[in-house]
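# Working through the structure, step by step
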Amino acid sequence: MTASDYQRLAREVVDPDVWDFIEGGAESERTLRANLAAFDRFRLRPRVLTDVSTVDTAVSVFGTRYRTPVGVAPTAYHRLVDDEGEVATARGAGAAGALFVVSVFASRTLEDIAGAAGSGLWLHLYWFRRREVMAGLVERAAAAGFGALVLTVDAPRIGRRWRDMRNGFAIGGDVAAVNIDAAVMALTHHSDEGRSAIAEHAAESFDAAVTWADLAWLRQRTSLPIVLKGILTAEDAALAVAHGVDGIIVSNHGGRQLDGAVASLDALPEVVDAAGAAVPVLFDGGVRRGTDALTALALGARMVLLGRPPLWGLAAGGADGVEGLLRTTTEELAHAMALAGRPRLADLDRSVVRARPGDER
Ligand SMILES: Cc1cc2nc3c(=O)[nH]c(=O)nc-3n(C[C@H](O)[C@H](O)[C@H](O)COP(=O)(O)O)c2cc1C
Ligand SMILES: CCCCCCC(=O)C(=O)O
């Protein structure tokens, strides 16, 4: 019935170290908790006697229409929880009419994922030292029909994730980031207690020297829209617009990067204000129910993306689980829109929410 039901079912079947990789955050997990808690500091202001006999959750981004503004955030290695991996996620997201942002660390090929997709796909990228790897992925994404590139900019290195370090987390079995040259990914398969293989891989292969000026290199290589993921401040939102990006995702990476960073929801209004109408602003971090989605949409998000919940759906029930999770969250959103007296996404603005009494600033 709810995302937390999928979470409970998933926990029963997922390997404990993988579970820690999925659920965990950086260091003392303050930001992870803050993402969830931030929603509780808002209360909804329902309007009455508006015609809510039909509720419409459809939304368009970059010319593609989705049946729901609830999409799937990029998460690495879906085969850690389901044999079919991202192919099943694509089928589930397609059946729900939702956007699926595919991680550059997907464990199925971009072409197989595209073959299974029934709705829009975007490809997420990290900035690798080996730019030819990025250039190759950009070309393949365009050829396979992906609709945008999402460059994650909050991870010049991987956050210190104590759970993964204690577990000596490494990517096991026959699961691999199959879209990237195996030589680049070699480090991800071996680790020891006290170390995380993915952090070591990132230290070796991510380019931490990248700056705003480097975006021109990516721009020259693609006509696809470029979306920056991991923006939390008005200053960076303004720079993103000034550098010609086509979209922004407000995100702190699900509390997995800078522990102590501002909750995503708290960053959303200043980013929306700084971006103005120039580019769509999407949101992720802590969305678990329809009323959370409603709150983020009211604060100016065009779409909300879910990171962990689709993995719960995938682990619990494959493609059907992903579809069920997305449909459930969308139905909760539609229900909340009806009870709030705002039957269309265009009706959602800041008048829908107010700070919980005692939390006014
Ligand atoms: C297991 C896992 C893997 C992730 N992999 C990526 C990734 O490859 N690239 C990326 O930009 N973000 C990645 N993220 C972060 C998500 O895209 C998203 O920002 C975050 O999970 C949203 O928060 P939520 O889980 O509370 O919905 C990952 C998150 C999780 C939980
Ligand atoms: C194998 C390289 C790193 C994968 C990192 C995926 C990710 O972004 C995450 O949050 O985890």
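The name an unreviewed UniProt entry gives the protein is Alpha-hydroxy-acid oxidizing protein, with Dactylosporangium aurantiacum as the organism. On record in UniProt, under Cofactor (unreviewed entry), the comment for the protein is "FMN". The UniProt entry for the protein carries this comment under Sequence similarities (unreviewed entry): "Belongs to the FMN-dependent alpha-hydroxy acid dehydrogenase family."

Our focus in this paragraph is the site of ligand 2. Near ligand 2 the following residues occur: Phe21, Ala76, Tyr77, Phe105, Tyr126, Ile158, Arg161, Thr188, Ile198, His201, His253 and Arg256. Tyr126 places a polar side-chain atom, nitrogen or oxygen, 2.4 Å from an oxygen atom of ligand 2. His253 is positioned such that a nitrogen or oxygen atom in its side chain is 2.8 Å from an oxygen atom of ligand 2. About the coverage of ligand 2: the protein hides 94% of its 340 Å² of free accessible area. The residue inventory of the shell around ligand 2, partitioned by class, reads 7 nonpolar, 3 polar and 2 charged.

Right, let's get into the packing of aromatic side chains. What describes a pair of aromatic rings is the distance from one ring centre to the other and the angle between the planes of the rings. In the structure shown here, the tally under the stated rule is 10 aromatic pairs. Judged by centre distance (5.4 Å) and plane angle (35°), the rings of Phe62 and Trp122 are tilted. Residue Phe62 is found in the loop between strand 2 (59-61) and strand 3 (64-66), and its partner Trp122 is found in strand 6 (residues 121-125); the two are separated by 60 residues along the sequence. A residue is classified by how much of its surface remains accessible, and Trp122, at 2% relative accessible area, is buried. Through pairs of rings, three or more aromatic residues link up here, namely Tyr77, Phe105, Tyr126, Phe128 and Phe206. Over the ring of Phe21 we find Arg256; its NZ or CZ atom is 5.0 Å from the centre of that ring.

About the criteria used
Residues numbered from 1 in each chain as written. Chains lettered and ligands numbered in written order. Predicted model: local features only at pLDDT ≥ 70, side-chain atom pairs only at ≥ 80, totals over all residues. Heavy atoms only, no water. UniProt positions renumbered as here; feature names shortened; annotations may be inferred. Near = heavy atom within 4 Å. Polar contact = N/O pair within 3.5 Å; in protein donor to acceptor, adjacent residues only side chain to side chain. Areas by Shrake-Rupley, 256 points an atom, 1.4 Å probe, with all protein chains shown as cover. Nonpolar A, V, L, I, M, F, W, Y, C, P; charged D, E, K, R; others polar. Phe/Tyr/Trp six-rings, centres within 6.5 Å; stacked < 30°, edge-to-face > 60°. Helix = DSSP H or I, 4+ residues; strand = E, 2+ residues; numbered from the N terminus. Buried < 20%, exposed > 50% of the residue type's maximum accessible area, 1.4 Å probe, protein only. Lys NZ or Arg CZ within 6 Å of the ring centre and 35° of its normal.

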